[in-house]
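Chain and residue survey
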Amino acid sequence: IEPLVKVENLKKHFPIKGGVLGSTVGQVKAVDGVSFTIKKGETLGLVGESGCGKSTTGRMLLRLLEPSEGKVYFEGKDILSLSSSEMRKMRRDMQMVFQDPYASLNPRHTVEKILEEPLIVHGMRNRQERKKRVKELLEVVGLSSYHAGRYPHQFSGGQRQRIGIARALAVNPKLIIADEPVSALDVSIQSQVLNLLQDLQKEFDLTYLFIAHDLGVVRHISDRVGVMYLGNIVELSTSEELYDEPLHPYTQALLSAVPIPDVDVKRERIILKGDVPSPSNPPKGCAFHTRCPQAMERCGSERPAFQEMKDGHYVACHLYG
Ligand code: SF4
Ligand code: MG
């Protein structure tokens with residue numbers, strides 16, 4: 001069966017302006033050739049440090065940012081070829097939940113107004129119908145119609161994210177791109193919101209692209225996980241296998257920082273040297289070679305191919321294959 005989402009060689013290069021005439025002096029390769037699929041009903045986690053291109057990738061899927069190159073298919077349709085009015089209709093099926101619900105909710109609008117907006121945009125003209133839908137949405141995310149007349153600042157962070165989720169659900173999307181939806185929340189609240197997202201997925205048959213910088217957060221919610229470094233996916237596999245048998249040295253380092261509840265398993269903490277290099281001047285060869293504890297000579301000149309090592313487990317590293 002066809003995946004719900006298929007991304008091929010997706011790139012986003014931003015020009016760097018400089019010089020006296022403001023000419024283009026270089027490029028930031030924010031996303032530099034990313035490919036993956038997401039099956040219907042699946043959650044694909046996308047993990048990496050800030051600036052690795054994960055949010056940019058998510059935004060390109062909705063065309064909130066136009067890709068520089070590559071393809072995005074949704075239900076087999078090439079969405080980059082759609083006109084803006086066709087794309088507007090398509091957005092009904094693809095919604096976004098943002099990291100900072102406070103910044104993404106208009107502070108001067110009541111919750112009711114915030115939730116009515118997507119309904120109006122997508123053609124629900126009857127006011128009574130909209131009110132009914134708002135009530136439904138609030139209940140679905142664990143709030144109540146009693147909250148409808150309140151403003152965003154009257155809610156806690158966790159409740160605000162519930163409102164953000166309700167807004168994304170308003171028009172019955174098929175795909176939700178959640179960009180660090182719990183990163184701004186207290187740890188105690190994080191699991192509540194993650195549980196809610198999982199319940200909603202079952203109830204409404206949703207497909208998720210779940211973006212996070214923390215492997216610990218994506219672990220339980222994701223069926224498969226892609227690890228990004230400097231604009232590329234360096235490893236992709238089922239969540240289970242990625243945690244049990246990480247292949248890429250970068251994944252191994254990220255995982256070594258995740259606390260393991262099981263005391264019998266001891267993972268030595270791998271500290272990476274240096275910072276992530278600038279995406280305007282990524283290292284040649286394997287982009288990770290400047291920090292990789294296992295780098296070999298060829299890593300500085302040859303870019304490793306992204307290849308399938310086992311069924312569905314892909315890695316880009318010269319240590320394999
Ligand atoms: Fe490390 Fe070389 Fe593998 Fe890159 S290709 S991750 S530098 S071993
Ligand atoms: Mg981000």
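The preceding data block contains the structure.
Overview of the structure. All of these numbers come straight from a predicted model, not from anything done at the bench.

Calculation criteria
Residues numbered from 1 in each chain as written. Chains lettered and ligands numbered in written order. Predicted model: local features only at pLDDT ≥ 70, side-chain atom pairs only at ≥ 80, totals over all residues. Heavy atoms only, no water. Near = heavy atom within 4 Å. 1 Å grid on protein atoms, 1.4 Å probe; cavity = no way out; pocket = protein on both sides within 12 Å on 5 of 7 lines; lining within 4 Å. Sits in = over half its atoms within 2 Å of the grid points. Points joined across faces, edges and corners; volume = space filled by probe spheres on them. Nonpolar A, V, L, I, M, F, W, Y, C, P; charged D, E, K, R; others polar. Salt bridge = Lys/Arg side-chain N within 4 Å of Asp/Glu carboxyl O. Buried < 20%, exposed > 50% of the residue type's maximum accessible area, 1.4 Å probe, protein only. Helix = DSSP H or I, 4+ residues; strand = E, 2+ residues; numbered from the N terminus. Pairing = 2+ DSSP bridges. Contact = heavy atoms within 4.5 Å. Axes fitted to C-alpha atoms, helices over the stretch in contact; angles between N-to-C directions.

Looking now at the site of ligand 1. Around ligand 1, a shell composed of 13 residues is seen, among which Cys286, Cys292, Cys299, Cys317 and His318 lie nearest. With respect to the pocket detection grid, ligand 1 is positioned in the largest cavity.

For the rest of this paragraph, the subject is empty space enclosed by the protein. Considering all chains together, one arrives at two cavities of 30 Å³ or more under this definition. Residue lining of the largest cavity: 14 residues in total, with Cys286, Cys292, Cys299, Cys317 and His318 positioned closest to the centre. Split into classes, the residues belonging to the lining of the largest cavity amount to ten nonpolar, four polar and no charged. Size it by volume and the second largest cavity reaches roughly 30 Å³.

Looking now at the pattern of salt bridges. Tallied over the full model, the rule gives 17 salt bridges. The shortest N-O distance in the salt bridge between Lys6 and Glu8 comes to 3.4 Å. Residue Lys6 is classed as partly exposed on the basis of its relative accessible area, which comes to 34%. Here Lys131 and Glu112 are joined by a salt bridge, their closest N and O atoms 3.0 Å apart. Of this pair, Lys131 sits in helix H5 (residues 127–140) while Glu112 sits in helix H4 (residues 111–121), and the two are 19 residues apart along the sequence. The exposure class of Glu112 is buried, given its relative accessible area of 19%. Counted as one network, the salt bridges with shared partners bring together Glu75, Asp93 and Lys174.

A few words on the sheet that holds strand S5 (residues 77–78). Taken in spatial order, the four strands make up an open sheet running S2-S1-S4-S5, and their pairing is antiparallel. The outermost strands of the open sheet, each flanked by one partner alone, are strand S2 (23–38) and S5. Alignment of strand S4 (residues 69–74) against S5, held across two bridges, turns out to be antiparallel. Bridging across to S5, Tyr73 finds its partner in Asp78. Running at roughly 115° to strand S1 (residues 5–18), helix H1 (residues 54–61) makes contact with S1, S2 and S4 of the sheet.

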